[in-house]
Amino acid sequence: MKFAVKAWSSGGGRSGLLQLGGCPLDTPAVLLSTRKGLPFFLSPDLLSSLPSPHSRLLHLCPLHFFEGLSLQTVSSMGGLHKLLSLPDHHYLSVLRDSIDCVPDPSATNKFGASFDTPYGRFLVKPADYVDMISSMKPNIWATLADEVPNTVSAKRNKTSVERTLRWLDECIALSPVGCGAIFGSIVGGDSVEERRRCAQDVANRSLSGYWIGGFGLGENTENLAALMNAVTECLPDEKPRLVSGLGTPEEILEGVAAGVDLFNSAYIYDLTLRGFALIFPAESIKADLAKFVSVGSGGDRTKINLRETGFRCYTCCNHTKAYIHHLLNVKELLAHILLEIHNTHHYLGFFASIREAIREGQFEELRRQFLDKTDCVSE
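The residue numbering used here restarts from 1 in each chain and proceeds along that chain's sequence as written. Per-residue local features of the predicted model are confined to residues with pLDDT of at least 70, and side-chain atom pairs are confined, for both listing and counting, to 80 or more; whole-chain, interface and lining totals are unaffected and use all residues. Computation of side-chain values: all heavy atoms of the structure, hydrogens and water removed.

(A) Local environment of the packing of helix α4 (residues 154-174) against helix α5 (residues 192-203). Contact geometry of α4 with α5 gives a least axis separation of 10 Å together with a crossing angle of 10°. Relative to α5, the element α4 is oriented roughly parallel. Within the contact between the two elements, α4 uses Asn157, Lys158, Val161, Glu162, Leu165 and Leu168 and α5 uses Glu194, Arg197, Cys198, Asp201 and Val202. The classification used treats Ala, Val, Leu, Ile, Met, Phe, Trp, Tyr, Cys and Pro as nonpolar, Asp, Glu, Lys and Arg as charged, and all other residues, Gly among them, as polar. Classifying every residue of the contact of α4 with α5 gives five nonpolar, one polar and five charged. Axis definition: a line fitted to C-alpha atoms, over the contacting stretch in the case of helices. Angles run 0 to 180 degrees between N-to-C directions. In DSSP terms, a helix is any run of H or I states spanning at least four residues, a strand is any run of E spanning at least two, and both are numbered starting from the N terminus. Just so you know how the angles are binned, under 35 degrees is roughly parallel, over 145 roughly antiparallel, 65 to 115 roughly perpendicular, and the rest oblique. In what follows, a contact means two residues having at least one pair of non-hydrogen atoms within 4.5 Å.

(B) Structural context of helix α6 (residues 224-232). When we look at burial in α6, the residues that qualify are Leu224, Leu227, Met228, Ala230, Val231 and Thr232. For α6, the elements touching its buried residues are β11 (181-186), α5, β12 (209-212), β13 (241-244) and α7 (249-257). When accessible area is computed with a 1.4 Å probe and restricted to protein chains, residues below 20% of their type maximum are described as buried, those above 50% as exposed, and intermediate ones as partly exposed.

(C) The arrangement of the pattern of salt bridges in detail. Salt bridge, as applied in this entry: a Lys or Arg side-chain nitrogen positioned within 4 Å of an Asp or Glu carboxyl oxygen. All told, the structure shown has 14 salt bridges when counted by the stated rule. Across the salt bridge formed by arginine 96 and glutamate 147, the nearest N and O atoms sit 2.8 Å from each other. You can see arginine 96 sitting in the loop between β6 (90-93) and β7 (102-103) and its partner glutamate 147 sitting in the loop between β10 (140-142) and α4, a full 51 residues away along the chain. Per residue, the accessibility class of arginine 96 equals that of glutamate 147, and both read buried. For arginine 156, the salt bridge goes to aspartate 146, with nearest N and O atoms at 2.9 Å. Taken as a pair, arginine 156 in helix α4 and aspartate 146 in the loop between β10 and α4 lie far apart in primary sequence, ten residues in all. For the residue pair arginine 156 and aspartate 146, the accessibility class agrees, reading buried in each case. Sharing partners across several salt bridges, the network here consists of Asp104, Asp116 and Arg121.

(D) Structural view of the nonpolar core. Ranked by size, the top nonpolar core spans 100 residues in total, and within it Tyr129, Met228, Leu262, Phe263 and Tyr347 carry the most contacts. Per-element tally for this core: the top contributor is helix α11 (residues 333-359), with nine residues. Dropping the residues within four chain positions of it, tyrosine 129 is found in contact with Pro62, Ser93, Val94, Leu95, Val124, Trp141, Ala142, Thr143, Leu144 and Cys171. The nonpolar core is taken to be a set of buried Ala, Val, Leu, Ile, Met, Phe, Trp, Tyr and Cys residues, with the residues joined through side-chain atoms within 4.5 Å. By size, the runner-up hydrophobic cluster in this structure holds six residues, among which are Ala277, Ile324, Leu327 and Leu328.

(E) Representation of the sheet that holds strand β14 (residues 262-264) in the model. The rule for pairing is simple: two strands pair if DSSP sees at least two bridges between them. The strand order across the open sheet built from eight strands is β4-β14-β13-β12-β11-β10-β6-β5, with neighbouring strands paired in parallel fashion. Unpaired on one side and paired on the other, β4 (29-31) and β5 (57-60) mark the two borders of the sheet. On average, each strand axis in the sheet is tilted by 25° relative to the strand beside it, whichever way the strands run. Relative to β12, β11 is paired through four bridges, and the arrangement is parallel. Opposite glycine 184, over in β12, you have tyrosine 210 as the bridge partner. Strands in contact with helix α3 (residues 126-136) are β5, β6 and β10; relative to β10, the strand with the most contacts, it is inclined by about 170°.

(F) Quick peek at the confidence of the model for the protein chain. pLDDT measures how confident the predictor is about each residue, on a scale from 0 to 100. Overall, the predicted model of the protein chain reaches an average pLDDT of 86, with 88% of residues at or above 70. A low-confidence stretch, residues 289-299 stays under pLDDT 50, and its non-local contacts, those more than four residues away or across chains, total 24 contacts. This stretch, residues 308-319, has a pLDDT under 50; its non-local contacts, to residues over four places away or in other chains, come to 13 contacts.

(G) Examining the packing of α3 against α4 more closely. Between α3 and α4, the shortest axis-to-axis distance is 9 Å and the interhelical angle comes to 45°. As summarised for this structure, α3 and α4 are arranged oblique, according to the angle between their axes. Taken as a pair, α3 and α4 cross one another with a handedness that is right-handed. Counting all contacts with α3, which are made through Pro126, Ala127, Tyr129 and Val130, the residues of α4 involved are Trp167, Glu170, Cys171 and Leu174. Classifying every residue of the contact of α3 with α4 gives seven nonpolar, no polar and one charged. A clockwise turn of the near helix away from the far one marks a right-handed crossing, whereas an anticlockwise turn of less than a right angle marks a left-handed crossing.

(H) Up close: the state of the cysteines. Whenever a pair of cysteine sulfur atoms sits within 2.5 Å, that pair is classed as a disulfide. If you walk through the whole model with that rule in mind, you get zero disulfides. The thiol of cysteine 101 is not disulfide-bonded; the next cysteine sulfur, from cysteine 61, is found 3.9 Å away. Cysteine 101 gets classed as buried once you look at its relative accessible area, which sits at 0%.

(I) A look at the sheet that holds strand β1 (residues 2-8). As summarised here, the arrangement of the three strands in space is β1-β2-β3, forming an open sheet in which the pairing is antiparallel. Of all strands in the sheet, those bounded by a partner on one side alone are β1 and β3 (23-27). With strand direction ignored, the average angle separating the axes of adjacent strands in the sheet is 20°. Direction of pairing for β1 relative to strand β2 (residues 14-20): antiparallel, over a ladder of six bridges. By the bridge assignment, alanine 7 is partnered in β2 with serine 15.

Here it is as structure tokens:
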């Protein structure tokens, strides 16, 4: 893995180039959520319909494989790429997925991190996690972390930082040669001081990059910028930063402004499952923000709810909306397949427009215009 920053924009935001297996990926970029290595509603033959190469960056949650194939079987087949016959895709392993496998801080202890999954509660120790990585062979993996919500006490939050740092060193020591690039985990809950302390400590290690955890667990969004900046200000510029738990366009723009390069989010899956389609201008936000239109009930100016009865009467010129509305209401899986393809295309276009704005030195203008347009709707 190689990474280089190529451009900075006034007011925050940076654009870079991430090289994985000879495939160049521009950043900021998003990891597509997967279920056992594949996007939730897309079969392998449909992956080619997505924009390339940025659709090739996939999030891997090893806990998904606790049901079905054993780690030994995956390892004997040569890892996840060979198991799924996806040699040109790139997997980045983070244990949480914000949908099925979420941190359970009440059951986490000094030995390992606890996760609630559809198969029960699991305590994952550093040695267990490294075994998963050795078997699945992702391109990049984030070390084990003790993630906590903002509702925990200051003492518990401090403990989570100390455990995460200890597990980081254990993961590094246990990792075999050639098991992928290691991203050091950074936590700290809703405390600027603890996040800064954790980031400073992690930055002292020899790592390929950094994973910023602990978001999407109920934190106060008003503190998001301060929490993000407290971390990124402590990290070296020449290494990539990944964050989990930020997914809405507003959150993505905040993360980019703080200097984040990669985003891991279940946003596309969540919208698709609930029958929403993204509609905000994405391919060239700078030029198209004026095209925002009122969508009535069931949505806002970033998305529409295709379950709403208002879409039942659309005729030929709006057939796509009417058809997906019909599929959703008769509970056909094809509705989610079509929606995931649309939402993924749209979301990747959003990131492309961000990269373009950064390269042109106009990211802050893009962010301000986008937030102004969406805020006027809520008012």
